[in-house]
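# Residue-level structure breakdown
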Amino acid sequence: MYDREAAVWYADKWWDGRNPQYPSFDVDCTNFISQCLRAGGAPMHGIPVRDRGWWITNSNWSFSWSVAHSLRWYLGSSTRGLTAYPVQSAEELQLGDVILYDFQGDGRFDHSTIVTAKDGSSPLVNAHTYDVQRRSWDYKDSYAYRPNAKYIFFRINDEFS
């Protein structure tokens, strides 16, 4: 069972720091989101094949653990372990759900965040790389934002297979 509260607690604890139990990357957003999902109880699978599953060991990890575009495809197609499904709008997301960002609108997703609070029905998110806590989900105030930005909103399934 996905523990949304534990995932959010982790996101709030580590939003501006790095957990020494995990590697840290220059572009750390997806690694951070994966840590949050793992803290919520998401099961790993696929070890040791880097382009399959979602996992991390002491010295190796899947692409989906650490690369936003790979996490986008993993969440969009996984049928075991950590699974999710897309929803149409940010307002449909719950705490502990994930947003993937394609700031250039070119089909390559380059950022990921986790929903940690709501401002009315609008999600607020935490993220790494440029560390943020409870930022507006749309990033319209970010230097990375472009008018043609695309988003995918993933609801994490509460039950794991």
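Below: a short report on this structure. These figures come from a predicted structure and were not determined experimentally.

### Remarks on unusual backbone geometry
Here the amide bond leading from Ile47 into Pro48 is cis, since omega sits at 5°, within 30 degrees of zero. Take Pro48: it is sitting in the loop between helix H2 (29–39) and helix H3 (63–66). Despite not being glycine, Thr129 has its phi angle at roughly 85°, a positive value. With respect to the helices, strands and loops of the structure, Thr129 is situated in the loop between strand E4 (122–127) and strand E5 (132–136). Thr129 sits in the partly exposed class, given a relative accessible area of 25%.

### Section: the packing of helix H1 (residues 4–14) against H2
Close contact between H1 and H2 brings their axes to 7 Å; oriented N to C, the two are set at 140°. As judged from the angle between their axes, H1 and H2 are oblique. Between H1 and H2 lies a crossing of right-handed hand. Residues Ala6, Ala7, Tyr10, Ala11 and Trp14 of H1 form the contact with H2, whose own contacting residues are Phe32, Gln35, Cys36 and Ala39.

### Comments concerning empty space enclosed by the protein
Enumeration according to the criterion identifies 1 cavity of 30 Å³ or more in this entry. In this structure, the largest cavity occupies an estimated 40 Å³ of space. Along its surface, the largest cavity is lined by Gly17, Arg18, Asn19, Tyr22, Pro23, Ser24, Asp28, Asn31, Gln35 and His128.

So, how was this worked out
Residues numbered from 1 in each chain as written. Predicted model: local features only at pLDDT ≥ 70, side-chain atom pairs only at ≥ 80, totals over all residues. Heavy atoms only, no water. Helix = DSSP H or I, 4+ residues; strand = E, 2+ residues; numbered from the N terminus. Buried < 20%, exposed > 50% of the residue type's maximum accessible area, 1.4 Å probe, protein only. Axes fitted to C-alpha atoms, helices over the stretch in contact; angles between N-to-C directions. Parallel < 35°, antiparallel > 145°, perpendicular 65-115°, else oblique. Left-handed = near helix turned anticlockwise from the far one by under 90°. Contact = heavy atoms within 4.5 Å. 1 Å grid on protein atoms, 1.4 Å probe; cavity = no way out; pocket = protein on both sides within 12 Å on 5 of 7 lines; lining within 4 Å. Points joined across faces, edges and corners; volume = space filled by probe spheres on them.

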